[in-house]
Amino acid sequence: VRENAKNRSRWCERHRLHAPSLRRAARVRAQLERAVTTFARTDARPPTHGDIELELEVRVRKALLVGLFANAACRSDDGSYRTVRGDHALHIHPSSVLFRRPPAWLVFHDLEFAEKKFMRDVTQIEPGWLVDVAPQFYEFKTKNDVERERGGLGSMLMRR
């Protein structure tokens, strides 16, 4: 086992690669594979090529959501986003591909504080996925329930 590790380290050095970064990448890949497997197909219909591409995209976005569910945000009427957790005002960073076509719901990985609070590394999601991947954290309520609890209008998706 020790000799194998030495061989891998030498190989990395020879190819000018950083061994700890490769190990981290392998761990992240394994985590994503486990998360994607969680959302495996259950229907019996053979998928078309378009179905496969769309399914893969959805599965990857859901896999990202598994790790980022606490960073969910919903677009407000004024064009900014409000985090579901904490109700903070945020904006998509102008360098994002989603800046020109902002989705209704997204999750973000990082924040940048400038003249505004900008979200970086954003991914479009569906609000129902939050309940699927983090039922211990989110629940759906009717607008009447939210209005009764808050005394006004609010999001139908609430943090538990």
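Thresholds, definitions, all that
- Residues numbered from 1 in each chain as written.
- Predicted model: local features only at pLDDT ≥ 70, side-chain atom pairs only at ≥ 80, totals over all residues.
- Heavy atoms only, no water.
- pLDDT = per-residue confidence, 0-100.
- Helix = DSSP H or I, 4+ residues; strand = E, 2+ residues; numbered from the N terminus.
- Pairing = 2+ DSSP bridges.
- Axes fitted to C-alpha atoms, helices over the stretch in contact; angles between N-to-C directions.
- Buried < 20%, exposed > 50% of the residue type's maximum accessible area, 1.4 Å probe, protein only.
- Patch = residues over 30% accessible without salt bridge, like charges linked within 9 Å, V, L, I, M, F, W, Y side chains within 5 Å.
- Areas by Shrake-Rupley, 256 points an atom, 1.4 Å probe, with all protein chains shown as cover.
- Salt bridge = Lys/Arg side-chain N within 4 Å of Asp/Glu carboxyl O.
- Lys, Arg positive; Asp, Glu negative; His and termini not counted.
- Charge placed at Lys NZ, Arg CZ, Asp CG, Glu CD.
- Contact = heavy atoms within 4.5 Å.
- Core = buried A, V, L, I, M, F, W, Y, C linked by side-chain atoms within 4.5 Å.

> What is the right way to look at the confidence of the model for the protein chain in this model?
In low-pLDDT segments, the atomic positions of the prediction should not be examined closely. For the protein chain, the mean per-residue pLDDT works out to 81, and 76% of the residues sit at or above 70. Ranking the helices and strands of the protein chain by mean pLDDT puts strand β3 (residues 89-92) first, with 96, and strand β7 (residues 157-159) last, with 55.

> Just to check I follow, could you spell out the sheet that holds strand β4 (residues 105-113) for this structure?
Hydrogen bonds between backbone atoms are what pair the strands of a sheet, whose relative direction is either parallel or antiparallel. Taken together, the 5 strands give a closed barrel; going around it, the order is β1-β2-β3-β5-β4, and neighbouring strands pair in mixed fashion. Strand-to-strand twist across the sheet, computed as the mean angle between neighbouring axes with direction ignored, equals 50°.

> When you look at the environment of G86 in this model, what are you seeing that I'm missing?
Relative to the assigned elements, G86 resides in the loop between β2 (81-83) and β3. Classification of G86 as partly exposed rests on a relative accessible area of 47%. It is 9.9 Å that separates the C-alpha atoms of G86 and N71, two residues lying 15 residues apart in sequence.

> Any chance you could explain a positive patch on the surface here in plain terms?
A cluster of like positive charges, contributed by R8, R23, R24 and R27, occupies part of the molecular surface. The greatest single-element share of the positive patch, amounting to 3 residues, is contributed by helix α2 (residues 19-38). Position of R23 relative to the elements: it lies in helix α2. For R23, a relative accessible area of 47% translates into the label partly exposed.

> Is there a simple way to think about the side chain of T123 in this case?
By the secondary structure assignment, T123 is in strand β5 (residues 117-124). The class of T123 is buried, set by a relative accessible area of 14%. Residues contacting T123, with those up to four places away along its chain left out, are R61, L64, L98, W105, L106 and V107.

> What exactly am I supposed to notice about a nonpolar patch on the surface here?
A grouping of V28, L32, L56, V60 and L64 is seen on the molecular surface, where their side chains present a nonpolar patch of about 350 Å² in accessible area. Mapped onto the nonpolar patch, the elements with two or more residues apiece are α2 and α3 (49-68). Mapped onto the elements, V60 comes out in helix α3. Judged by its relative accessible area of 37%, V60 falls in the partly exposed class.

> Would you mind showing me how to read the pairing of strand β1 (residues 72-75) here?
On a regular strand, one side chain projects to one face of the sheet and the next to the other, so that they alternate. In terms of strand pairing, β1 meets β4 through 3 bridges, oriented antiparallel. Within the sheet, the bridge partner assigned to C74 lies in β4 and is W105. Sheet topology places β1 next to β2; 3 bridges connect them, and they run antiparallel. Counted as the bridge partner of R75 is Y81 from β2. Linking β1 back to β2 in an antiparallel pair, the connection comprises 5 residues, with G79 at a positive phi of about 95°.

> Explain the environment of D132 here, please?
Relative to the helices and strands, D132 is located in helix α4 (residues 127-133). Judged by relative accessible area, which is 52%, D132 ranks as exposed. The spatial distance from the C-alpha of D132 to the C-alpha of K62 is 9.4 Å, given a sequence separation of 70 residues.

> Help me understand the nonpolar core, please; the structure alone is not making it clear to me.
Judged by nonpolar contacts, the single largest core of 14 residues is most densely connected at L65, F69, I125, L130 and Y138. Those elements that provide at least two residues to this core are α3, β4 and α4. At 3 residues, α4 tops the list of elements feeding residues into this core. Excluding its chain neighbours within four sequence positions, the residues that come into contact with L65 are V107, I125, W129, L130 and V133. Counting 9 residues, the second-largest nonpolar core is a separate cluster that includes L90, I92, L98 and V122.

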